[in-house]
Amino acid sequence: MSRTDVPARARAATVPAQPSVVTTGAWLRTPSAAPGVFRVRPLPGEATASYSQRLADPYQLTLPQLLDGAGITLTGHGTLPTAELHLSPAACHPLAALVRIPLPHLTRALPRLARNHDAHHIAAAAHWKRLEAEQQPVRACTLCTRHRSHDTTDTAWVHRPPHRLVCPRHHQAAPDPRLTTTVHTQGVPELATAHHAHQRLLRHPRAATAWTAARAITTRWYDHQQHLTHRWHTRLTQLCATNPYLTTAGSASPALLARDLVTYPETVALARALATQPNRHHHTTNDALTLIAHRLDLERLAPSANDPLRVFLTHTRH
């Protein structure tokens with residue numbers, strides 16, 4: 001099937017017809033660049049394999065058939081979220097032409113589309129590459145996905161940046177790639193509040209550094225049950241009550257699967273406190289701890305000498 005056959009197949013799908021069989025030989029003809037019928041919009045940060053699969057769905061094609069019809073040679077095997085689809089530079093152009101989206105816009109939406117490409121590789125090719133656990137995408141909001149997929153699917157995978165942990169419109173989140181469905185968060189409204197606070201924090205010049213430090217600190221507190229344990233246990237219980245599958249999601253415990261979500265409000269609050277610390281020449285470490293305790297809605301915060309927050313404050317003030 002040629003590139004022009006892909007939109008033709010979509011038009012034919014809208015008209016009742018007798019069942020037909022697509023022959024293997026039809027897929028071997030050399031394709032030409034042509035726009036497709038369906039303009040499927042990518043989700044922000046979407047995995048290339050996820051977007052390609054969503055594009056294939058309205059055409060009623062498999063992913064290999066879609067790529068072949070676009071003149072892109074696929075090698076290897078893989079499945080989301082443990083593997084990602086890597087396209088050569090020459091393969092990106094026919095994909096952009098097919099979806100009728102300028103390549104720069106498509107590249108901004110798909111963060112892995114133009115990564116690790118060999119500039120001398122002129123063939124339109126795609127291959128699967130296995131991802132490490134920390135690189136794997138997570139499930140996107142099902143309602144956002146359906147809205148951008150012509151109602152053909154509610155499944156998509158995104159390489160989610162930390163400031164998009166929660167979909168505040170539809171109250172869904174995916175804190176871990178091992179979850180095959182999203183977590184409904186309407187029972188924990190402080191997560192949406194934290195999302196909005198995180199967007200405001202991004203305007204601060206020290207936001208990225210403060211977020212990295214804050215996440216490391218709250219993760220340590222969570223794993224070692226320090227300072228905010230009761231609050232986090234209550235939030236985890238609320239999430240499990242709304243999402244009972246968290247307790248049956250394979251070998252990982254719900255405490256681990258939902259960790260980033262459970263600690264999210266305090267991580268945002270701590271990051272904001274670290275990013276907006278007063279001048280260190282006029283405030284001591286204890287002054288900073290008092291301010292942070294207030295931001296975390298704690299009566300007091302007296303971490304030990306080895307606590308990661310005290311270590312961070314001491315290090316940055318000398």
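Residues numbered from 1 in each chain as written. Predicted model: local features only at pLDDT ≥ 70, side-chain atom pairs only at ≥ 80, totals over all residues. Heavy atoms only, no water.

Novice: Go over the sheet that holds strand E3 (residues 125-130), please, and point to the residues and values.
Specialist: Pairing is mixed across the open sheet formed by three strands, whose spatial order is E1-E3-E2. Each edge of the open sheet is held by one strand with a lone partner, namely strand E1 (73-75) and strand E2 (83-87). Each strand axis lies, on average, 25° off the axis of its neighbour in the sheet, ignoring direction. Two strands pair when backbone bridges link them, and E2 and E3 are joined in this way by five bridges, in the antiparallel orientation. If you follow Leu-87 over to E3, its bridge partner there is Ala-126. Of the strands in this sheet, E2 and E3 touch helix H2 (residues 48-56), which is tilted by about 80° from E2. (Pairing = 2+ DSSP bridges. Helix = DSSP H or I, 4+ residues; strand = E, 2+ residues; numbered from the N terminus. Axes fitted to C-alpha atoms, helices over the stretch in contact; angles between N-to-C directions. Contact = heavy atoms within 4.5 Å.)

Novice: Provide a residue-level description of the sheet that holds strand E7 (residues 172-173), including the pertinent values.
Specialist: Hydrogen bonds along the backbone pair up the strands of a sheet, which may run parallel or antiparallel. Taken together, the three strands give an open sheet; going across it, the order is E6-E7-E8, and neighbouring strands pair in antiparallel fashion. Sheet topology places strand E6 (166-167) and strand E8 (183-184) at the edges, where each strand pairs with a single neighbour. For E6 and E7, the ladder comprises two bridges, and the chain directions are antiparallel. Looking at E7, one finds that Cys-167 is bridged to Gln-172.

Novice: Mind laying out the packing of helix H9 (residues 229-242) against helix H11 (residues 259-275), listing which residues take part and the relevant values?
Specialist: Running from amino to carboxyl end, H9 crosses H11 at an angle of 135°, the nearest separation of the two axes being 9 Å. On the basis of their axis angle, the class for H9 and H11 is oblique. Of the two elements, H9 crosses H11, and the hand of that crossing is right-handed. Across the interface between the two elements, Arg-231, Trp-232, Arg-235, Leu-236 and Leu-239 of H9 pack against Leu-261, Val-262, Thr-263, Pro-265 and Glu-266 of H11. (Parallel < 35°, antiparallel > 145°, perpendicular 65-115°, else oblique. Left-handed = near helix turned anticlockwise from the far one by under 90°.)

Novice: Tell me about the pattern of salt bridges, and name the residues and values.
Specialist: Any two side chains of opposite charge can pair, given that their charged atoms come close. One pass over the full model with this rule turns up seven salt bridges. The salt bridge involving Arg-231 is made with Glu-266; its shortest N-O contact spans 3.1 Å. Linking Arg-231 in helix H9 with Glu-266 in helix H11, this pair joins segments that are 35 residues apart in sequence. A relative accessible area of 26% means that Arg-231 is categorised as partly exposed. Each member of the salt-bridge network shares a partner with another, and the members are Glu-190, Arg-231, Arg-235 and Glu-266. (Salt bridge = Lys/Arg side-chain N within 4 Å of Asp/Glu carboxyl O. Buried < 20%, exposed > 50% of the residue type's maximum accessible area, 1.4 Å probe, protein only.)

Novice: So what's going on with the state of the cysteines? Which residues, and what values?
Specialist: Under the counting rule described, the total for this entry stands at zero disulfides. As a non-bridged cysteine, Cys-141 has Cys-144 as the owner of its nearest cysteine sulfur, 3.7 Å distant. Cysteine Cys-167 remains unbridged, with the sulfur of Cys-141 as its closest cysteine sulfur at 3.8 Å. (Disulfide = S-S within 2.5 Å.)

Novice: Lay out the pairing of E3 in plain terms, naming residues and giving numbers.
Specialist: With three bridges joining them, E1 and E3 adopt parallel strand pairing. Bridge pairing links Thr-75 to His-127 in E3.

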